[in-house]
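Understanding the architecture of this molecule
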Amino acid sequence: MSGEREPRGRLMSKLGPYRGVPALVLGGSGFIGQCVARQLVQLGARTCATVRPRGARPPRPTVQPGLEVQRVRPEIEWAEVDLTHPDELGALMSRVRPAITFNLAGYGVDPSEREDDLLQHLNVDLVDALLECIAAARRPWAGQALVHVGSSAEYGRHRGVVDESSPTEPSSAYGKSKLAGTRRLAEKSKALELRALTARLFSVYGPGEHPQRLLPSLIRSARSGEPLDLTGGRQKRDFTYVDDVATGLLLLGVSDGRRGEVVNLASGILTSVREFAELAAELLGVPRQHLRFGTLPTRPNELRHGHVVIDRLRALASWSPPTVVREGIARTLEGESPSGHLGETE
């Protein structure tokens with residue numbers, strides 16, 4: 001069962017410590033980073049978010065057709081920083097002096113991203129450099145100094161129930177590099193006596209996700225009227241709506257999690273890829289016969305984990321993601337950019 005939707009007033013009270021606080025979002029122009037930055041602004045935080053300079057590696061992402069991130073959300077301070085250069089990161093951290101940093105920068109989620117040096121720089125070395133910068137410019141703040149985003153790919157080949165003590169057996173270069181970053185954070189946050197944790201995300205979906213992902217592919221199929229080739233769809237995923245993920249990250253940021261702690265940030269509900277596709281097709285009006293299940297092979301590194309345990313998330317945040325899959329798909333199909341939505345009005 002999904003979490004109950006918390007009244008807006010109660011949720012805003014939990015997140016009240018962000019008001020007036022300098023906060024930094026690395027990877028702020030990305031799918032999840034935009035949503036985190038928007039929610040921080042809504043909470044009254046003095047928000048700075050990074051965007052890659054033009055010509056940086058990997059290429060700067062598209063936010064919306066014809067729009068630059070500064071125009072999408074002008075109340076956020078947007079900083080063009082190449083995070084593969086430690087001196088640029090250091091200059092930014094010295095200027096902003098954030099009380100809390102959310103690290104959503106990374107490389108390798110897209111199957112086309114396979115450069116070994118960028119996997120090392122952005123998923124491992126950046127964590128090291130970031131913790132050093134935070135330690136050099138400490139600020140009074142009761143919450144976490146760093147909330148780092150990890151990945152379900154760190155569990156890799158594990159097939160059973162997934163909790164934070166489950167074996168980590170990553171099979172992809174991306175998963176291995178993310179696990180190395182998580183371990184680096186655990187070691188260094190303890191050595192530097194910094195409050196920092198890793199939130200492992202699972203199958204995040206919603207407005208603004210990569211065009212090659214499942215839901216955007218279904219939307220294109222609906223618009224074109226063309227059939228869509230799919231795998232058999234028997235694999236199950238913990239699909240978590242992007243607004244819920246952003247809220248969860250913010251709640252973890254004001255939590256009393258231990259140094260180096262790992263927290264699964266997921267819905268706690270498994271849905272097969274086939275069921276997700278069929279729900280989306282129903283809402284989009286795509287004929288069932290246009291879903292060509294089994295015409296694509298399953299990827300060799302396809303994750304096949306079982307139920308995701310989120311007891312640690314519930315304990316630290318006193319919350320769990322409330323958006324069920326049907327509602328999340330419907331909200332995505334409204335065609336809006338990520339909302340930064342924080343609960344319902346009372």
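Basis of the calculations
- Residues numbered from 1 in each chain as written.
- Predicted model: local features only at pLDDT ≥ 70, side-chain atom pairs only at ≥ 80, totals over all residues.
- Heavy atoms only, no water.
- Patch = residues over 30% accessible without salt bridge, like charges linked within 9 Å, V, L, I, M, F, W, Y side chains within 5 Å.
- Areas by Shrake-Rupley, 256 points an atom, 1.4 Å probe, with all protein chains shown as cover.
- Salt bridge = Lys/Arg side-chain N within 4 Å of Asp/Glu carboxyl O.
- Lys, Arg positive; Asp, Glu negative; His and termini not counted.
- Charge placed at Lys NZ, Arg CZ, Asp CG, Glu CD.
- Helix = DSSP H or I, 4+ residues; strand = E, 2+ residues; numbered from the N terminus.
- Buried < 20%, exposed > 50% of the residue type's maximum accessible area, 1.4 Å probe, protein only.
- Pairing = 2+ DSSP bridges.
- Right-handed = clockwise from strand over helix to strand, strands pointing away.
- Arc of directions from axis to C-beta.
- Contact = heavy atoms within 4.5 Å.
- Core = buried A, V, L, I, M, F, W, Y, C linked by side-chain atoms within 4.5 Å.
- Phe/Tyr/Trp six-rings, centres within 6.5 Å; stacked < 30°, edge-to-face > 60°.
- Axes fitted to C-alpha atoms, helices over the stretch in contact; angles between N-to-C directions.

1. Points about a positive patch on the surface
A surface patch of positive charge is lined by Arg157, Arg159, Lys176 and Arg304. Along the polypeptide, Lys176 turns up in helix H6 (residues 173-191). For Lys176, a relative accessible area of 49% corresponds to the partly exposed category.

2. Focus: the pairing of strand S2 (residues 46-51)
Counted residue by residue, S2 has five buried out of six residues, so it is predominantly covered. Note that strand S1 (residues 22-26) and S2 share four bridges and pair parallel. Bridge pairing links Leu24 to Cys48 in S2. Crossover handedness for the path S1 to helix H2 (residues 31-42) to S2: right-handed. Sheet topology note: the S2/strand S3 (residues 77-80) ladder contains four bridges and is parallel. Opposite Thr50, over in S3, you have Ala79 as the bridge partner.

3. A word on helix H4 (residues 86-96)
Those residues of H4 that fall on the buried side of the exposure criterion are Leu89, Gly90, Leu92, Met93 and Val96. Projected down its long axis, H4 shows its buried positions confined to an angular sector of 165°, all on one face. Those residues of H4 that are exposed and angled more than 90 degrees off the buried face are Asp87 and Ser94. At its buried positions, H4 is contacted by S1, S2, S3, strand S4 (100-103) and helix H5 (116-136). Looking at the residues trailing H4, positive phi occurs at Arg97, about 45°.

4. Here we look at the nonpolar core
In summary, soluble globular proteins display a tendency toward joint burial of nonpolar side chains. Counting residues in hydrophobic clusters, the biggest one holds 49 residues, and the most contacted among them are Tyr18, Ile32, Val36, Leu40, Phe102 and Leu249. Looking at this core, the element that brings in the most residues is helix H8 (residues 242-253), giving seven residues. Within the second largest apolar cluster, 28 residues are counted, among which are Leu24, Ala129, Leu131 and Ala196.

5. A short note on the pattern of salt bridges
Summed over the entire model, instances satisfying the criterion amount to 16 salt bridges. When the shortest N-O distance is used, the salt bridge between Asp243 and Arg331 registers 2.8 Å. On the criterion of sequence distance, the pair formed by Asp243 in helix H8 and Arg331 in helix H11 (residues 325-333) is long-range, its members being 88 residues apart. When its relative accessible area of 16% is taken as the criterion, Arg331 is described as buried. Residue Glu261 is joined to Arg312 by a salt bridge in which the shortest nitrogen-to-oxygen separation is 3.6 Å. Of the two residues, Glu261 sits in strand S11 (residues 261-265) while Arg312 sits in helix H10 (residues 311-317), which places them 51 residues apart along the sequence. Exposure remark for Glu261: the relative accessible area of 6% places this residue in the buried category. Take Arg312: its relative accessible area is 29%, and that puts it in the partly exposed class. One salt-bridge network, held together by shared partners, links Arg5, Asp243, Glu327 and Arg331.

6. Remarks on the packing of aromatic side chains
One pass over the structure, following the stated rule, counts seven aromatic pairs. Judged by centre distance (6.4 Å) and plane angle (40°), the rings of Tyr18 and Phe102 are tilted. Taken together, the residues span a long stretch of sequence, with Tyr18 in the loop between helix H1 (8-14) and S1 and Phe102 in strand S4 at a distance of 84 residues. Of the two residues examined, Tyr18 and Phe102, each falls in the buried class. Ring geometry for Tyr155 versus Phe202: centroids 6.2 Å apart, planes at 25°, classification stacked. Of the two residues, Tyr155 is situated in the loop between strand S5 (146-151) and H6 and Phe202 in the loop between strand S6 (196-201) and strand S7 (203-205); the sequence distance between them amounts to 47 residues.

7. Some details on the sheet that holds S2
One open sheet holds the seven strands; their spatial order is S3-S2-S1-S4-S5-S6-S11, and the pairing between them is parallel. Looking at which strands have only one partner, the edges of the open sheet turn out to be S3 and S11. Across this sheet, the average inter-strand angle for adjacent strands is 20°, counted without regard to direction. Inspection of the sheet shows S4 paired to S5 by three bridges, in the parallel sense. What sits directly across from Phe102, in S5, is Val147. Contacts between H5 and the sheet are confined to S1, S4, S5 and S6, with S4 contributing the most and set at about 175° to the helix. This element, H6, spans S5, S6 and S11 of the sheet and lies at about 150° to S5.

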